[in-house]
Amino acid sequence: MITRLSRSAARRIAIAAQALEVPHQARSSSGQVTAAHIAALMRRIQLVQIDSVNVLCRSHYLPVFARLGPYDRALVHRLSEKPPRRLMEYWAHEASFIRPEHFADLRVWQRRRWVGLPGTAVAGQEAIAAGLIDVLDRSRPMTATALAAVLNHDHAVDRVQWGWNWTPTKRVLEHLFERGVVGSAGRTPQFERRYTLTDRVLPPALRSVPEPDRAGAAERLTEAAVRALGVATARSVADYFRLPVKPTTEALTRLAVEGVVTPVTVDGLDRTYWLHTAARRPRRVAARALLSPFDSLIFHRPRVEELFGFHYRIGIYTPPERRQHGYYVLPFLLGEELVARVDLKADRQGRTLIVQAAFAEPDAPSRTARELADELLLMAHWLGLDDVAVAPRGDLAAALARELHPALARAVSER
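So, a few notes on the structure that sits alongside this text.

Reading the values: the criteria
- Residues numbered from 1 in each chain as written.
- Predicted model: local features only at pLDDT ≥ 70, side-chain atom pairs only at ≥ 80, totals over all residues.
- Heavy atoms only, no water.
- Salt bridge = Lys/Arg side-chain N within 4 Å of Asp/Glu carboxyl O.
- Helix = DSSP H or I, 4+ residues; strand = E, 2+ residues; numbered from the N terminus.
- Buried < 20%, exposed > 50% of the residue type's maximum accessible area, 1.4 Å probe, protein only.
- Axes fitted to C-alpha atoms, helices over the stretch in contact; angles between N-to-C directions.
- Parallel < 35°, antiparallel > 145°, perpendicular 65-115°, else oblique.
- Contact = heavy atoms within 4.5 Å.
- Pairing = 2+ DSSP bridges.
- Core = buried A, V, L, I, M, F, W, Y, C linked by side-chain atoms within 4.5 Å.
- Domains from an automatic or database assignment.

**Here we look at the pattern of salt bridges**
Taken as a whole and judged by the stated rule, the model has 27 salt bridges. A salt bridge links Glu 219 to Arg 254, with the shortest nitrogen-to-oxygen separation between them at 2.8 Å. Of this pair, Glu 219 sits in helix α9 (residues 214-229) while Arg 254 sits in helix α11 (residues 245-257), and the two are 35 residues apart along the sequence. Judged by its relative accessible area of 30%, Arg 254 falls in the partly exposed class. Among the charged side chains, a network of salt bridges with common partners joins Glu 89, Lys 170, Glu 174, Arg 187 and Arg 193.

As structure tokens, then:
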């Protein structure tokens, strides 16, 4: 039997599946976030997308803050760089921190033609690959630049690919990374990968796992994606780990027979959604979170627009003349709605969190400015900033500035 959900119920299921159903300050009785908290969070949301833009802070820190509140960002490095790793970097939605348990399944589905060696191969690529593997087998983790220097490789940059200035060494390394031969031991402060052999990254129990068949891998990844999403279309489920839609749909059909998922209709939407049968179905959610542009709740833009009525595009990928709301715009989740968006920048020298623009959604509740001000203050403190400044752009800017002035005064007096 096909279950019918209201749009509101579907939103609440999606928010709860993403571990956002309660404000982060309500999550920990001790008030201190530990590595165990982050590992448990990853078991719920499965992955965190990585991005190099640092105008506010690296994006992979933000989803943890949105769900758990202020925490020591070194915990992410400990979990992803120190054995036994609970996180590892690989291609998933995009470059992401994944759970190591998913690595083998993801590897058999990698077909990212733009990564590494699309089109014409690098001259002598087999020799380059062999040399890289030999050096990494005998050395500590190294960057592409360091490896090229050790092997005396050509440092000429290939500028043919849009958006990438990669040397031949880097292109071959990325090819080996996609194939799962080479892994990432972590990143430098300049955000360069530190390459090593993948067997040195994987926990010992996962190093000798036989290569899975593609159908089984698709089914496991599909189940993990639906669990993380709660309720979603086949296309949204496929998008989570960037699987093709057809094998994802086939996997959903098998999972439905097994009773793991069930097809549902959502009021007002003329397409099939899939509900994980273990998904929480709260009657109310009390979320309050600023979402990274790369947050997994908003990965698939059509789903965001259908369930939340929120049209969102990432400003950093939009030409300046076409940006409506700014460059690095974070949606603000309040209750079960996306109620506002703010363009944020960290002025580290001036120790100020700058709100370059603030916009409210048409039906945003009257408390939006107050709740957003409190969240911005918490974020500023977490980032080591002393102040929040609001530029006069956007229909929410004036109200937000009014809320922040007394709040800032209270914050200063309490220190």
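From this point, the discussion proceeds with the structure in view.
**Some points on the packing of helix α1 (residues 7-17) against helix α12 (residues 301-308)**
Contact geometry for α1 and α12: axes closest at 9 Å, N-to-C directions at 130°. The orientation of α1 relative to α12 falls into the category oblique. Residue-level contacts link Arg 7, Ala 10, Arg 11, Ala 14 and Ile 15 of α1 to Arg 303, Glu 306, Leu 307 and Phe 308 of α12.

**Some words on the pairing of strand β11 (residues 329-334)**
By the criterion of burial, β11 is predominantly enclosed, with six of the six residues buried. Residue alternation in β11 divides its side chains into two sets, Val 329, Pro 331 and Leu 333 and Leu 330, Phe 332 and Leu 334, and both sets are buried. Note that strand β10 (residues 288-290) and β11 share three bridges and pair antiparallel. Residue Ala 289 lies in a different strand from β11, and its bridge partner there is Leu 333. Here β11 runs beside strand β12 (residues 337-347); their pairing, made up of six bridges, is antiparallel. Within β12, the residue paired with Pro 331 across the bridge is Arg 341. The antiparallel hairpin formed by β11 and β12 contains two residues in its connecting segment, where Gly 335 sits at a positive phi of about 65°.

**Comments concerning the nonpolar core**
Generally speaking, soluble globular proteins have nonpolar side chains that are buried together. By size, the foremost hydrophobic cluster in this structure holds 117 residues, and its most contacted members are Leu 56, Phe 241 and Met 379. Counting contributing residues per domain, this core is built from domain 1 (3-100 + 209-276) and domain 3 (313-414), each supplying no fewer than three. Residues within four places of Leu 56 in sequence aside, it is in contact with Leu 62, Tyr 328, Leu 330, Leu 344, Lys 345, Ala 346, Arg 348, Leu 353, Met 379 and Leu 383. By size, the runner-up hydrophobic cluster in this structure holds 14 residues, among which are Ile 128, Ala 144, Leu 147 and Leu 173.

**Looking at the environment of Gly 183**
Within the secondary structure, Gly 183 is located in strand β5 (residues 182-187). For Gly 183, a relative accessible area of 5% corresponds to the buried category. Among residues more than four places away in sequence, those in contact with Gly 183 are Phe 177, Arg 194, Tyr 195, Thr 196, Leu 197, Thr 198 and Val 201.

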